[in-house]
Each structure stands twice: as C-alpha cells, then as structure tokens.
Amino acid sequence: MELRDLISSAHKGDISTSALTQEILTYLAMFIRTQPSLFHGMLRLRVGLIIQVMASELARTLAIGADEATDRLLNLSPFETKNLLHHIMSGQEYGVTEAGYKCSIVSLPSCITSKSPSQSQITIHPSIDPELTGPSDPMVGSTHSSLEEADISDSRTGIWIRRRLLDGCLNRVPHGFYTRMWALLERCQGISVGGQLLSNTLTQEMTSGEMKFHLRCEAMLNTVPEPEFRQLVVEAIMVLILVVEYNVVQHLGGIIKVEDIVQTANYIFLQDQKSLSGDASLCCLSGNKSASCRASGGICGLFYDSAPSGTYGTMSYLVRAVCCVIDT
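Basis of the calculations
- Residues numbered from 1 in each chain as written.
- Predicted model: local features only at pLDDT ≥ 70, side-chain atom pairs only at ≥ 80, totals over all residues.
- Heavy atoms only, no water.
- Helix = DSSP H or I, 4+ residues; strand = E, 2+ residues; numbered from the N terminus.
- Buried < 20%, exposed > 50% of the residue type's maximum accessible area, 1.4 Å probe, protein only.
- Contact = heavy atoms within 4.5 Å.
- Areas by Shrake-Rupley, 256 points an atom, 1.4 Å probe, with all protein chains shown as cover.
- Pairing = 2+ DSSP bridges.
- Axes fitted to C-alpha atoms, helices over the stretch in contact; angles between N-to-C directions.
- Core = buried A, V, L, I, M, F, W, Y, C linked by side-chain atoms within 4.5 Å.
- Salt bridge = Lys/Arg side-chain N within 4 Å of Asp/Glu carboxyl O.
- Phe/Tyr/Trp six-rings, centres within 6.5 Å; stacked < 30°, edge-to-face > 60°.

**Looking at the overall build of the protein**
Then, number 1: Scanning the protein from N- to C-terminus turns up 16 helices and six strands.
Then, number 2: Across the 328 residues in the protein, those meeting the buried criterion constitute 43%.
Then, number 3: Of the contacts formed within the protein by residues at least 6 apart in sequence, a portion of 67% connects residues at least 24 apart.
Then, number 4: When the accessible surface of the protein is summed, it comes to about 16,300 Å², and 55% of that surface belongs to carbon and sulfur atoms.

**Some words on the sheet that holds strand β6 (residues 255-257)**
Then, number 1: Spatially, three strands are ordered β5-β4-β6 in an open sheet, and the strand pairing comes out mixed. In the strand order of this sheet, the two ends are held by β5 (196-199) and β6, each with one partner. Going across the sheet, the axis of each strand differs from the next one's by a mean of 20°, ignoring polarity.
Then, number 2: Pairing geometry for strand β4 (residues 190-193) and β6, over three bridges, is parallel. Bridging across to β6, S192 finds its partner in K257.
Then, number 3: Packing against the sheet, helix α14 (residues 258-276) makes contact with β4 and β6, and its axis sits at approximately 45° to β6.

**Some remarks on the nonpolar core**
Then, number 1: Formed by 52 residues in total, the largest nonpolar core has its most connected members in F177, M181, I191, I237, I261 and C300.
Then, number 2: Within the residue set of this core, elements represented by two or more residues are α10 (177-186), β4, α12 (211-221), α13 (227-245), α14, α15 (301-304) and α16 (314-325).
Then, number 3: At twelve residues, the largest contribution of residues to this core is made by α13.
Then, number 4: If we ignore the near neighbours within four places in the chain, the residues touching I261 are A236, L240, I256, L318, A321, V322, V325 and I326.
Then, number 5: Of all hydrophobic cores here, the second largest spans 33 residues; its members include L62, A69, I88 and I105.

**Re the pattern of salt bridges**
Then, number 1: For the coordinates displayed, the defined rule picks out ten salt bridges.
Then, number 2: For R162, the salt bridge is made with E57, and the minimal N-O distance between the two is 2.9 Å. Here R162 is found in helix α9 (residues 159-169), whereas its partner E57 is found in helix α3 (residues 47-62), with 105 residues between them in sequence.
Then, number 3: Under the relative-accessibility criterion, E57 is labelled buried at 1%.
Then, number 4: Here E245 and R180 are joined by a salt bridge, their closest N and O atoms 2.8 Å apart. Of this pair, E245 sits in helix α13 while R180 is found in helix α10, placing the two residues 65 residues apart along the sequence.

**A few points about the pairing of β5**
Looking down a regular strand, the side chains alternate between one sheet face and the other.
Then, number 1: Alignment of β4 against β5, held across four bridges, turns out to be antiparallel. If you follow V193 over to β5, its bridge partner there is Q196.

**So, the side chain of N83**
Then, number 1: By secondary structure assignment, the location of N83 is in helix α5 (residues 78-90).
Then, number 2: With a relative accessible area of 18%, N83 lands in the buried category.

**A short note on the environment of I51**
Then, number 1: Among the secondary structure elements, I51 is positioned in helix α3.
Then, number 2: Relative accessible area serves as the criterion here: at 10%, I51 is assigned to the buried category.
Then, number 3: Sequence separation of I51 and C169 is 118 residues, and the distance between their C-alpha atoms is 9.6 Å.
Then, number 4: When sequence neighbours within four positions are dropped, the list of residues in contact with I51 reads L20, T21, I24 and L73.

**Description of unusual backbone geometry**
Then, number 1: Of note, the phi angle at N171 is positive, near 60°, even though the residue is not glycine.
Then, number 2: Locating N171 in the fold gives a position in the loop between α9 and α10.
Then, number 3: Given the relative accessible area of 0%, N171 is considered buried.
Then, number 4: Positive phi, normally seen in glycine, also occurs at S277, with a value near 55°.
Then, number 5: A relative accessible area of 54% places S277 in the exposed class.

**As for the packing of aromatic side chains**
Geometrically, a pair of aromatic rings is defined through the distance of the ring centres and the angle of the planes.
Then, number 1: Applying the stated rule across the entire model yields four aromatic pairs.
Then, number 2: Note on F269 and F303: the rings are 5.2 Å apart at their centroids and 50° apart in plane angle, and the pair reads as tilted. In this pair, F269 is assigned in helix α14 and F303 in helix α15, connecting sequence segments 34 residues apart.
Then, number 3: We classify F303 as buried; its relative accessible area is 0%.
Then, number 4: Centre to centre, the rings of F303 and Y317 are 6.1 Å apart; their planes meet at 75°, and the pair counts as edge-to-face. With a gap of 14 residues between them, F303 in helix α15 and Y317 in helix α16 connect regions that are remote in the sequence. For the pair shown, F303 and Y317 are each scored as buried.
Then, number 5: Taken together, the ring pairs connect F269, F303 and Y317 into an aromatic cluster.

Shown next as structure tokens:
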C-alpha cells in the first residue's frame, strides 16, 4: 500500500505511468533474481529515469517525437516492455519491428538474419543506425584514406554515446569504484561535482567499504542531470583514482572540480580536431552556432561518441586534462 501510494504520488496520479512503473519494478525484481550480473556497479535504480530512457530509445530508433514514443511505450505488450528493458540493462543491440502501429523488440542478429521477402510489410529499425555517417573515432575521416576502415568506423557511430547515456541512467560505475574513491579522498582536500563537495574528512568518519560512504558518493554524482555527462565525470574520477593507485604524485592538492577536468578534456579534443581538420570542424568548430552539436554540459557530441581507449580516446584527453587542472 505504501509503495503504491509513493508511485502514485511520484507520477501525480497518472494511472498509465504508475502502472508502467509497477510493471518495470516487477521485471527488475525478476532480473535481479535470475541475472544479478546485470546490476553490477549499481547501488540505487532511478525507475523514472529508466522509463525516460526507454521512451527516448524508442524515439531515437523509430525516428519519432517524444510524445509519440511515450505513447508507443505505454502501448507495448508486457513481453515487449520486459524485452526492451532487458536490452537496455544488458547494453545489447536490438531492433524494433513495426507492423502498423504495433512494435516488437528483437535482438539485432535475429532481426538481420530473419528478414525475408514475405516480411516486406514489416519495417525493422536497428538501435544503432548503420547508415549514419561520421566515425566514432572523429579523426578517422581526415587521417585515414582506406574505405574499408571508414566503413568499419561508420558502423560504430553512436555506440559510445548511447552506452554512456544508458550507463548514466542506470547509475552504473566500474567495479570497486566507490571503495577506490575513498583512497582518492585521502590524497586531496575534497572532490566537487555539481556544486556538491565530498570532503576528505569523510575518510575519518567512514570506512572505504561502508555503504553510507558509497551512497554519499553516488548522491554527489546524481547532482549531474545529464546521464552522458555523468559518465564522463565517472571516467575523469577513474583517471584520478589511477593517479593515486600508481603513486604518480603524493598529493593532489586542494579541492578538485571534476567538471573542470571534463571541460578541459573537451577543449583539448577540439584543439586536436582543429589541427587535424577533424569532423568537429563541421559542428562545434564551424563557427555556426546552429550547426554546433554541443548538448549535455556543453560537450561536443563527437567527444561523447569517442571510445575510452586509443590515441584519440576520452581517457587520453582526460589524462591530459588532469595534468592541466590539478595543482600539485
């Protein structure tokens, strides 16, 4: 009774959304019993945000508006709702088949191999559009001449920005992340994210494995409203953690503003794009504000869609940004 009232209050009496929330909670309970590995790196689940990302996934995949996507989500069968939720939780690529107004969720390999001439009336939309242009490594377009390499890169477009969006919505962090943050706090005066400070005095009040400490860290990360920007913040903190674990420096100085590290990394990324005439010259470096792809947190969309590893990966830029920002 209390849970039902809480759900109804959160959705301001909207019966349809309240029923969907109860349905999602039921499926999450099923997944945590049968596939607990889906929840690794998560402490708390924000069901409202999960519903939003389910609707946004339908909107992006079907190329429809937000209102129509929400309507489609509410009209999915219980099986398809569970199927979509599972694909989002697992990060598995999927396709959405359309037969009139009816939508079905299928795993991407099966939606590719099962298509036949008799199914010509069914439209299949993959969760990652293979026809999109612009490589996930934004330097590829200007530095590689091989058509084969360009084709491989094009097929990966949108994967990393989508993964960061999903992980941010699910509050997913790397293994042992919060425990390792405790050691990071010992080497600085504090960490600031979203205007909220995590002081190093917490290391004297709580242990590294204490759940209360982990929840405080997560609460700080949740002050970032944009899920994909939140994941870049997590990546930046991971760089700081590695600096501590490998004893690169004895002390990291005063209060570390993690957003400044991410913004600096984006600036360095754009400078590299400018010098190499990369794809950002068509958006954020074009000088045309209407063509700029700056979205969440003012970060270039190409930076969001870069893989963490590699010469032009986000981790490389975050390492360079840490060297610029941290006062040691």
